[in-house]
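# Structural description and commentary
Okay, here's what each chain looks like letter by letter:
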Amino acid sequence: MEIWINPACSKCRSAIGVLDAEGADYTVRRYLEDVPSADEIRDVLARLGLEPWDITRTQEAAAKELGLKEWPRDADARERWIAALAEHPKLIQRPIITADDGTALVARTDEAVRDALSR
């Protein structure tokens, strides 16, 4: 499994702590440094079963500068959202775990991390 993290994020550090405590085999991706491409974001969205606006941190400064709260949330705007996430990775909700079974989840709670481990 892989976990996308921002080391400055307490939820990310907590998720890593759970993975370590459970002895999980995982890879860390610091997605602010190793920025996911639009194709990788599309893949993670498919695995999550979510839309780009569902994993967007709309309170970030970049979101406010882009006016994301006013953007349509429909199929026609989907690629615009994905492009914004690729250009401004800080907007991506974290941590995201891609599980070995092909699924993914936003692991903001210890329970979600344990759910990923059970997949």
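Residues numbered from 1 in each chain as written. Predicted model: local features only at pLDDT ≥ 70, side-chain atom pairs only at ≥ 80, totals over all residues. Heavy atoms only, no water.

### So, the overall build of the protein chain
Counting its secondary structure elements, the protein chain contains five helices and four strands. Taken from the N to the C terminus, the helices and strands of the protein chain come in the order β-α-β-α-α-α-β-β-α. Taken over C-alpha atoms, the radius of gyration comes to 14 Å for the protein chain, in line with the 14 Å a tight globule of 119 residues would show. Burial analysis of the protein chain (119 residues in total) assigns 42% to the buried set. Residue pairs at least 24 apart in sequence account for 62% of intrachain contacts in the protein chain once pairs closer than 6 positions are excluded. When the accessible area of the protein chain is evaluated, it comes to approximately 6200 Å², of which 44% is carbon and sulfur surface. (Helix = DSSP H or I, 4+ residues; strand = E, 2+ residues; numbered from the N terminus. Rg over C-alpha atoms; globule rule 2.2 N^0.38 Å. Buried < 20%, exposed > 50% of the residue type's maximum accessible area, 1.4 Å probe, protein only. Contact = heavy atoms within 4.5 Å. Areas by Shrake-Rupley, 256 points an atom, 1.4 Å probe, with all protein chains shown as cover.)

### Structural notes on the packing of helix H2 (residues 38–48) against helix H4 (residues 78–87)
Between H2 and H4, whose axes approach to 9 Å, the crossing angle comes to 115°. Once H2 is placed against H4, the crossing between them reads as right-handed. The residues of H4 that touch H2, namely those facing Ala 38, Ile 41, Arg 42 and Leu 45, are Arg 78, Glu 79, Ile 82, Leu 85 and Ala 86. Along the lines of polarity and charge, the residues of the contact of H2 with H4 split into six nonpolar, no polar and three charged. (Axes fitted to C-alpha atoms, helices over the stretch in contact; angles between N-to-C directions. Left-handed = near helix turned anticlockwise from the far one by under 90°. Nonpolar A, V, L, I, M, F, W, Y, C, P; charged D, E, K, R; others polar.)

### Comments concerning the sheet that holds strand E1 (residues 2–5)
Within the open sheet, the four strands sit side by side as E2-E1-E3-E4. Their pairing is mixed. Each of the sheet's edge strands pairs with one partner strand only, and the pair in question is strand E2 (27–30) and strand E4 (104–106). Across this sheet, the average inter-strand angle for adjacent strands is 20°, counted without regard to direction. As paired elements, E1 and E2 share four bridges and run parallel to each other. The partner of Ile 3 across the bridge, within E2, is Val 28. Along the sheet, H2 makes contact with E1, E2, strand E3 (96–98) and E4, crossing E4 at roughly 90°. Running at roughly 175° to E4, helix H5 (residues 110–117) makes contact with E3 and E4 of the sheet. (Pairing = 2+ DSSP bridges.)

### Here we look at unusual backbone geometry
Here Arg 94 and Pro 95 are connected by a cis peptide whose omega angle stands at -15°. You can see Pro 95 is positioned in the loop between H4 and E3.

### Examining the packing of aromatic side chains
According to the stated counting rule, one finds three aromatic pairs in the structure shown. Measuring from ring centre to ring centre gives 5.8 Å for Trp 53 and Trp 81, while their planes differ by 70°; the resulting arrangement is edge-to-face. On the criterion of sequence distance, the pair formed by Trp 53 in the loop between H2 and helix H3 (61–66) and Trp 81 in helix H4 is long-range, its members being 28 residues apart. Both residues of the pair, Trp 53 and Trp 81, count as buried. Cluster of aromatic residues (ring-pair linked, three or more members): Trp 53, Trp 71 and Trp 81. (Phe/Tyr/Trp six-rings, centres within 6.5 Å; stacked < 30°, edge-to-face > 60°.)

### Some details on the pattern of salt bridges
Enumeration over the complete set of coordinates arrives at nine salt bridges. Here Glu 40 and Arg 29 are joined by a salt bridge, their closest N and O atoms 3.0 Å apart. Of this pair, Glu 40 sits in helix H2 while Arg 29 is found in strand E2, placing the two residues eleven residues apart along the sequence. Take Arg 29: its relative accessible area is 7%, and that puts it in the buried class. In the salt-bridge network here, residues are joined through shared partners; they are Arg 29, Asp 34 and Glu 40. (Salt bridge = Lys/Arg side-chain N within 4 Å of Asp/Glu carboxyl O.)

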